[in-house]
Amino acid sequence: MKTRRRLLAMLLAAAVTGSMCAVPALAEEDYSLSGVTFENVTIRVATRAGGDAADSQYYQQKVEEFNALDNGITVEMTNISTETDYKDRLSTDFASGDAPNIFLEYGGANLVDYLDAGYLLNLEPYLEADPEWYAGFKENGWSTCLFEDYGYEGIYGVPSETYQILLYYNKDILEQNGLEPPTTWEELMDACAVLKEAGIDPFAVGEKDIWRFGHLHTILSLKSYGADVAQKLGNGEMTYDSEEMIAIYQMIKDMVDNGYLGSNLLSTDKGMEDSLFEEGKAAFKYDGSWFPASLEQSGSDLYTEQKIGVVSFPVVNEEYPHVEMGGTTDAYYVSTLNATEEQIQASVVFLKYLASVEYIEGLIQVHSNTYAYNVEAASDNYLLNEVIDLMGEAEELRGDLQNYDTRSMAMNTVRTSLQELAMGSSPEEVGKLIEDTLAEYE
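Residues numbered from 1 in each chain as written. Predicted model: local features only at pLDDT ≥ 70, side-chain atom pairs only at ≥ 80, totals over all residues. Heavy atoms only, no water.

1. Remarks on the overall build of the chain
Part 1 of the reasoning: Regarding its fold elements, the chain presents 19 helices and 10 strands.
Part 2 of the reasoning: Since a compact globule built from 442 residues should have a radius of gyration of about 22 Å, the 22 Å found for the chain is in line with a globular shape.
Part 3 of the reasoning: Seen along its three principal axes, the alpha-carbon backbone of the chain occupies a region of about 70 × 50 × 35 Å.
Part 4 of the reasoning: A burial count over the chain gives 55% of its 442 residues as buried.
Part 5 of the reasoning: Residue pairs in contact within the chain that sit at least 24 positions apart in sequence constitute 78% of those at least 6 positions apart.
Part 6 of the reasoning: Carbon and sulfur atoms make up 45% of the accessible area of the chain, which amounts to about 18600 Å² in all. (Helix = DSSP H or I, 4+ residues; strand = E, 2+ residues; numbered from the N terminus. Rg over C-alpha atoms; globule rule 2.2 N^0.38 Å. Buried < 20%, exposed > 50% of the residue type's maximum accessible area, 1.4 Å probe, protein only. Contact = heavy atoms within 4.5 Å. Areas by Shrake-Rupley, 256 points an atom, 1.4 Å probe, with all protein chains shown as cover.)

Structure representation (structure tokens):
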């Protein structure tokens, strides 16, 4: 039995035992919600905004401010910062029929089960009824909210942050070793060899968090085969044990075997990876456009002294110099599962609060990043400004390759299997493991 069918069965069972609410049938002019009032409506919002990070603290503060508006809506927060724990909690809540009214997710195949079950609200009529709100989003920000490839018309979320994966480097380490910032894969590998010979770790990758190899696999694939590789893997035209994918695993395997990605890969997490780079114990770091904000907040001397540089991820195949891993990193979705009409409408009201000029302007002040809402706010983060310039050079963007795969287990299967490259498995064994594991759910 397919995993998707198994999950769907649980969802449907939950709906039978609960009181699933139909999507409200409003008159066209009422989707603006301008005349709607609320009385003691509580909605639950699930995000990864846990912990002491500045953006998390800002979100929690703004929720408290929203609750103080006395508009008849109370927001209860579920904030879980760890991705795996968050996703586990979300799937459990849906399976039990106790889904949050609003939740943060990454789009693509992650949400097909919920769409199939009819548990996601189509926000398109609400957006069209409020042209000012609709026009505020960047045109390239909707990728995680559209599901036409899966047979669903409409807009099923509002985007939050945008991103791109780039290559950060320690200026002093490169200069001291006679190296220039690499622009091609060959140049990067040559630089890694020089650094390793000098006793310096080129990278310190935290593969304890399995998405680190996942991101490396995606960006190398896009840079090698172009943007179409996402759809080809998703529709089965290309398989995970194909020659093309074996070549990508080999690139990662070579880096592992040469010691370029650091030691103790599977016991180093992303937080430790960040610390090692910030302390000058690694020369390079592939990471998202969110990293400058993290550096700024860490108070790293390398950041304050402007010793960190950034370039686009090095070119692998010269045919695809401006194909990048990036786009919209996450979005907010509204669940209709066991929700009342008032809760659904209150959820849209809260979404408008989160995706507003005022909210984003304040967020940028505490957390310099790139967002899907059109807000012009000057940043004094020198590294972020360089990142924004580089992002303007991208011509085609794709997110995690597994987001284009209708098999709901693809993401976790691929990421977990890639860890085998750090355990001695060959590229061929990894490709077979991925395909065999996915076949178990068919």
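2. Re the sheet that holds strand 3 (residues 102–105)
Part 1 of the reasoning: An order of 2-1-3-9-4 is seen for the five strands of this open sheet, with the pairing classed as mixed. A single partner strand is all that each edge strand has here, and the edge strands are strand 2 (73–79) and strand 4 (158–159).
Part 2 of the reasoning: Pairing analysis gives seven bridges linking strand 1 (residues 41–47) to strand 2, with the strands arranged parallel. Considered in strand 2, the bridge of Ile 43 is made with Val 75.
Part 3 of the reasoning: The sheet contacts of helix 3 (residues 83–96) involve strand 1, strand 2 and strand 3, and relative to strand 3 the element is tilted by about 135°. (Pairing = 2+ DSSP bridges. Axes fitted to C-alpha atoms, helices over the stretch in contact; angles between N-to-C directions.)

3. Overview of unusual backbone geometry
Part 1 of the reasoning: Positive phi, close to 60°, is recorded for Leu 33, a residue that is not glycine.
Part 2 of the reasoning: Position of Leu 33 relative to the elements: it lies in the loop between helix 1 (3–17) and strand 1.
Part 3 of the reasoning: Overall, Leu 33 belongs to the buried group, its relative accessible area being 7%.
Part 4 of the reasoning: Positive phi, normally seen in glycine, also occurs at Asn 264, with a value near 55°.
Part 5 of the reasoning: Topologically, Asn 264 is positioned in the loop between helix 11 (243–257) and helix 12 (270–278).
Part 6 of the reasoning: The exposure class of Asn 264 is exposed, given its relative accessible area of 54%.

4. Side note on the packing of helix 9 (residues 211–225) against helix 18 (residues 410–418)
Part 1 of the reasoning: Relative orientation of the contacting elements helix 9 and helix 18 amounts to 100°, with a least axis distance of 8 Å. On the basis of the axis angle, helix 9 is roughly perpendicular to helix 18. Where helix 9 approaches helix 18, its residues Trp 211, Phe 213, Gly 214, His 215 and His 217 are matched on the opposing element by Val 414, Arg 415 and Leu 418.
Part 2 of the reasoning: Counted by class, the contact of helix 9 with helix 18 contains four nonpolar, three polar and one charged residues. (Parallel < 35°, antiparallel > 145°, perpendicular 65-115°, else oblique. Nonpolar A, V, L, I, M, F, W, Y, C, P; charged D, E, K, R; others polar.)

5. With respect to the confidence of the model for the chain
Part 1 of the reasoning: On average, the chain scores 90 in pLDDT, and the residues at 70 or more come to 93%.
Part 2 of the reasoning: Below pLDDT 50 for its whole length, residues 1–25 participates in 56 contacts with residues either more than four positions away or in separate chains. (pLDDT = per-residue confidence, 0-100.)

6. Things to note about the nonpolar core
Part 1 of the reasoning: With 67 residues, the main nonpolar core has Tyr 168, Phe 203, Phe 213, Tyr 249 and Phe 284 as its most contacted residues.
Part 2 of the reasoning: Ranked by residue count, the leading element in this core is helix 11, at eight residues.
Part 3 of the reasoning: Core analysis: the next-biggest nonpolar cluster, separate from the first, contains 65 residues, Tyr 31, Leu 120, Trp 133 and Ala 339 among them. (Core = buried A, V, L, I, M, F, W, Y, C linked by side-chain atoms within 4.5 Å.)

7. Brief notes about the packing of aromatic side chains
Part 1 of the reasoning: Under the criterion given, the structure shown has 23 aromatic pairs.
Part 2 of the reasoning: Their ring planes at 15° and their centres at 3.9 Å tell us that Phe 94 and Tyr 114 sit as a pair that is stacked. Remark: Tyr 114 occurs in helix 4 (residues 112–116) and Phe 94 occurs in helix 3; sequence separation between them is 20 residues. Here the two residues Phe 94 and Tyr 114 agree in accessibility, since each one is buried.
Part 3 of the reasoning: Each member of the aromatic cluster is reached from another via a ring pair, and the members are Tyr 58, Phe 66, Phe 350, Tyr 353 and Tyr 359.
Part 4 of the reasoning: Sitting over the ring of Tyr 286, Arg 212 keeps its end group 4.4 Å from the ring centre. (Phe/Tyr/Trp six-rings, centres within 6.5 Å; stacked < 30°, edge-to-face > 60°. Lys NZ or Arg CZ within 6 Å of the ring centre and 35° of its normal.)

8. Things to note about helix 13 (residues 291–298)
Part 1 of the reasoning: If you check which residues of helix 13 are buried, you get Phe 291, Pro 292, Ala 293 and Leu 295.
Part 2 of the reasoning: Those residues of helix 13 that are buried lie in contact with strand 5 (162–170), helix 12, strand 6 (284–288), helix 14 (301–304), strand 7 (308–312) and helix 17 (382–391).
Part 3 of the reasoning: Just past helix 13, the residue Gly 299 takes up positive phi, approximately 75°.

9. Notes on helix 8 (residues 185–197)
Part 1 of the reasoning: Along its 13 residues, helix 8 runs 18 Å from first to last C-alpha, staying within 8% of the 18 Å computed at 1.5 Å per residue.
Part 2 of the reasoning: Within the span of helix 8, buried status applies to Trp 185, Leu 188, Met 189, Ala 191, Cys 192 and Leu 195. Each buried residue of helix 8 sits inside an arc of 160° when the element is viewed along its axis, so together they form one side. In helix 8, the exposed positions that point more than 90 degrees away from the buried face belong to Asp 190 and Glu 197.
Part 3 of the reasoning: In the core, the buried residues of helix 8 are packed alongside strand 5, helix 7 (171–176), helix 9, helix 11 and strand 6.
Part 4 of the reasoning: Of the residues flanking the end of helix 8, it is Gly 199, one or two places downstream, whose phi is positive at about 80°. (Expected span 1.5 Å × (residues − 1). Arc of directions from axis to C-beta.)

10. Examining the pairing of strand 6
Part 1 of the reasoning: For strand 6, the buried fraction is high: five of the five residues fall into the buried class.
Part 2 of the reasoning: Residue alternation in strand 6 divides its side chains into two sets, Phe 284, Tyr 286 and Gly 288 and Lys 285 and Asp 287, and both sets are buried.
Part 3 of the reasoning: Pairing of strand 5 with strand 6 involves five bridges; the strand directions are antiparallel. Considered in strand 6, the bridge of Tyr 169 is made with Phe 284.

11. Description of the pattern of salt bridges
Part 1 of the reasoning: Taken as a whole, this structure holds 21 salt bridges when the rule is applied.
Part 2 of the reasoning: With a shortest N-O distance of 2.7 Å, Lys 285 and Asp 287 are connected by a salt bridge.
Part 3 of the reasoning: A relative accessible area of 2% means that Lys 285 is categorised as buried.
Part 4 of the reasoning: Overall, Asp 287 belongs to the buried group, its relative accessible area being 0%.
Part 5 of the reasoning: Within this structure, Arg 212, Lys 270, Glu 273, Asp 274, Lys 285 and Asp 287 form a network of salt bridges that share partners. (Salt bridge = Lys/Arg side-chain N within 4 Å of Asp/Glu carboxyl O.)

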